[in-house]
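# Overview (structure and organization)
The residues making up each chain are set out below.
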Amino acid sequence: METLDCLRAGESAKIAEIAAPDDVRERLKMLNVRPGAEVTLVKAVFFRSTFLLDADGVRLGLRKSLAEKISVIRPGGATDGAEYGEAGR
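Only a predicted model underlies this, so the values are computations on that prediction, with no experimental measurement involved. (Residues numbered from 1 in each chain as written. Predicted model: local features only at pLDDT ≥ 70, side-chain atom pairs only at ≥ 80, totals over all residues. Heavy atoms only, no water.)

## Details of the environment of arginine 74
Keep this limit in mind: To qualify as a helix, a DSSP run of H or I must reach at least 4 residues; to qualify as a strand, a run of E must reach at least 2; elements of each kind are numbered from the N terminus. Exposure is judged per residue with a 1.4 Å probe applied to protein chains only, and the accessible area is read against the type maximum: over 50% gives exposed, under 20% gives buried, and values in between give partly exposed. Pairing of N or O atoms within 3.5 Å defines a polar contact, subject to two protein rules: one partner must be a possible hydrogen donor and the other a possible acceptor, and residues neighboring in sequence count only if both atoms are side-chain atoms.
Among the secondary structure elements, arginine 74 is positioned in the segment after strand 6 (70-73). Owing to a relative accessible area of 4%, arginine 74 belongs among the buried residues under this scheme. Considered as a pair, arginine 74 and lysine 14 are 60 residues apart in the sequence and their alpha carbons are 6.3 Å apart. Side chain to side chain, arginine 74 and glutamate 2 meet in a polar contact 2.7 Å long. A polar contact of 3.2 Å, which involves the side chain of arginine 74, links it to the backbone oxygen of cysteine 6.

Below, the structure written as structure tokens:
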């Protein structure tokens, strides 16, 4: 399954799972980042070490270490680069 850090700027996805401690998941939930929510990657900065997200009108920055713990599903169910023709590699 793909994680949030795999998205490109402007791309949206639905959150499938957050593999982080309870306190971190609770804080993200308060910022509209929870399983089932749709988020959009606004941009990735500092050599993709920091990610700016839009989660239902709330903009927040995440470090790569946390973005790697958030599993996402792209629209249409495409994962692992399948929409880019990488499925057969």
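More follows now that the structure is in view.
## A word on the environment of valine 39
Positionally, valine 39 belongs in strand 3 (residues 38-45). When the C-alpha atoms of valine 39 and glycine 10 are compared, they prove to be 9.9 Å apart, with 29 residues separating the residues in sequence.

## Here we look at the pairing of strand 6
Sheet faces and side chains relate simply in a regular strand, where the side chains alternate between the two faces. Short version of the rule: A pair of strands is labelled paired if DSSP reports no fewer than 2 bridges between them.
Strand direction decides the pairing type here: strand 1 (residues 2-3) and strand 6, joined by two bridges, are antiparallel. When the bridges of strand 6 are listed, threonine 3 appears paired with serine 71.

## Digging into the sheet that holds strand 4 (residues 50-55)
If you trace the six strands from one edge of the open sheet to the other, you get 1-6-2-3-4-5, paired in antiparallel fashion. At either end of the open sheet lies a strand with only one pairing partner, and these are strand 1 and strand 5 (58-63).

## Re unusual backbone geometry
Within the chain, phenylalanine 47 stands out as a residue other than glycine whose phi angle is a positive 60°. With a phi angle near 60°, arginine 48 is a residue other than glycine that sits in the positive phi range. Inspection of the secondary structure puts arginine 48 in the loop between strand 3 and strand 4.

## Details of the nonpolar core
Put simply, the rule reads: By nonpolar core is meant a set of buried Ala, Val, Leu, Ile, Met, Phe, Trp, Tyr and Cys residues that side-chain atoms within 4.5 Å join together. Pairs of residues are marked as contacts when any of their non-hydrogen atoms sit within 4.5 Å.
Membership of the largest hydrophobic core comes to 19 residues, with the highest contact counts inside it found for Leu4, Leu28, Val33, Leu62 and Ile70. Looking at this core, the elements with two or more residues in it are strand 2 (12-18), strand 3, strand 4, strand 5, helix 2 (64-67) and strand 6. Setting aside anything within four residues of it in sequence, one finds leucine 28 in contact with Ile18, Val33, Leu60, Leu62, Leu66 and Ile70.

## Notes on the side chain of glutamate 2
As for its placement among the helices and strands, glutamate 2 is situated in strand 1. With a relative accessible area of 7%, glutamate 2 lands in the buried category.

## Observations concerning the confidence of the model for the chain
Applied cut-off: Each residue carries a pLDDT score, the predictor's own confidence in it, on a scale running from 0 to 100.
Averaged over all residues, the pLDDT of the chain is 88; the fraction at 70 or higher stands at 85%. Taken as a whole, residues 79-89 scores under 50 in pLDDT and shows 13 contacts with residues more than four places along the chain or in a different chain.

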